[in-house]
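# Summary of the model geometry
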Amino acid sequence: MIPIKTREQIYGKEAAGLLRDISNYHCIRHEQIYRLYPHKDTAVLDNLLGYLEKQGRIFHAPQADIYCDTPECEPDRDMLAALWVLADFADRAEYHSPDEFPTKIIFFADGESYEIICVPPDKETMVEHALAGMDDEEGKRILVVESTEQIARLHIPGAAVFCTVSETGGIEYFKQE
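Here's a quick rundown of the structure. (Residues numbered from 1 in each chain as written. Predicted model: local features only at pLDDT ≥ 70, side-chain atom pairs only at ≥ 80, totals over all residues. Heavy atoms only, no water.)

Time to look at the packing of aromatic side chains. Evaluated as defined, the whole model comprises four aromatic pairs. Ring geometry for F89 against F107: centres 5.0 Å apart, planes inclined by 50 degrees, an arrangement best described as tilted. Here F89 is found in the loop between helix 4 (77-88) and strand 4 (93-98), whereas its partner F107 is found in strand 5 (residues 103-109), with 18 residues between them in sequence. A centroid spacing of 6.2 Å and a plane angle of 35 degrees characterise the contact between Y95 and F108, whose relative ring orientation is tilted. With Y95 in strand 4 and F108 in strand 5, the pair connects residues that are 13 residues apart, well separated along the chain. Overall, F108 belongs to the partly exposed group, its relative accessible area being 32%. Through a chain of ring-to-ring contacts, the aromatic side chains of F89, F107 and Y114 assemble into a single cluster. (Phe/Tyr/Trp six-rings, centres within 6.5 Å; stacked < 30°, edge-to-face > 60°. Helix = DSSP H or I, 4+ residues; strand = E, 2+ residues; numbered from the N terminus. Buried < 20%, exposed > 50% of the residue type's maximum accessible area, 1.4 Å probe, protein only.)

For strand 8 (residues 159-165), a buried count of five out of seven residues is recorded, marking the element as mostly surrounded by other parts of the structure. Note that strand 7 (residues 140-145) and strand 8 share four bridges and pair parallel. The partner of I142 across the bridge, within strand 8, is V161. Note: strand 8 against strand 9 (residues 171-174), four bridges, orientation antiparallel. In the sheet register, T164 faces strand 9, and the bridge partner there is E172. Turn length for the strand 8-strand 9 hairpin, with the two strands adjacent in sequence and antiparallel, is five residues, and the turn residue G169 shows positive phi of about 100 degrees. (Pairing = 2+ DSSP bridges.)

Turning our eyes to something else, we now look at unusual backbone geometry. The omega angle of the peptide bond from F101 to P102 is 10 degrees, so this bond is cis rather than trans. Assignment of secondary structure puts P102 in the loop between strand 4 and strand 5. One non-glycine residue, D122, lies in the positive phi region at around 65 degrees. In this fold, D122 is placed in the loop between strand 6 (112-119) and helix 5 (124-132).

With that settled, the discussion passes to helix 5. Of the positions making up helix 5, those classed as buried are E124, V127 and L131. Projected down its long axis, helix 5 carries its buried residues within an arc of 70 degrees, all on one side. Away from the buried face of helix 5 by more than 90 degrees, exposed residues H129 and A132 are located. (Arc of directions from axis to C-beta.)

Strands pair in a sheet through their backbones, by hydrogen bonds, and they do so in one of two ways: parallel or antiparallel. The strand order across the open sheet formed by six strands is 4-5-6-7-8-9, and the pairing between neighbours is mixed. Each edge of the sheet is formed by a strand with only one pairing partner; in this case those strands are strand 4 and strand 9. Across this sheet, the average inter-strand angle for adjacent strands is 25 degrees, counted without regard to direction. Direction of pairing for strand 4 relative to strand 5: antiparallel, over a ladder of five bridges. Paired with P98 across the bridge in strand 5 is I105. Set on the sheet, helix 5 makes contact with strand 6 and strand 7; between it and strand 6 the angle comes to about 145 degrees. (Axes fitted to C-alpha atoms, helices over the stretch in contact; angles between N-to-C directions. Contact = heavy atoms within 4.5 Å.)

The structure is reproduced here in structure tokens:
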């Protein structure tokens with residue numbers, strides 16, 4: 001006789017992964033969840049999200065289509081932009097986690113370490129100073145800027161690439177000349 005598996009046995013690992021990501025990043029757009037789990041069926045992801053929401057472990061803000069770890073969902077615009085960049089690497093990312101300022105997210109892909117750093121307009125010097133004392137030998141830096149004009153004002157060691165990110169996840173990558 002073959003034992004029947006429970007829902008927890010079948011989906012427990014996936015549910016735990018979703019809960020971990022939403023708890024770590026605090027707010028994630030619904031579409032970002034799909035992109036962060038590229039090999040998972042969207043219907044299965046939606047069922048798991050609904051299950052976690054019914055349990056009161058996550059909260060959905062339908063007007064923004066964002067899942068949060070608290071009912072007072074206050075999305076961090078820079079983190080959402082960094083999550084779109086991470087989603088671009090999701091099929092290759094082995095591990096990812098939020099990090100301390102100025103880095104939003106650190107992740108490992110293809111044997112390399114990457115930092116996603118958001119640079120708000122007119123804060124280029126502050127971000128440069130924050131990174132000045134950090135070791136740039138450990139990984140590649142992906143700098144998210146709001147406009148391409150910021151790139152010329154940035155001189156950050158270890159900057160692998162710059163990018164702009166739209167609210168819907170459109171990303172354009174640039175190299176500094």
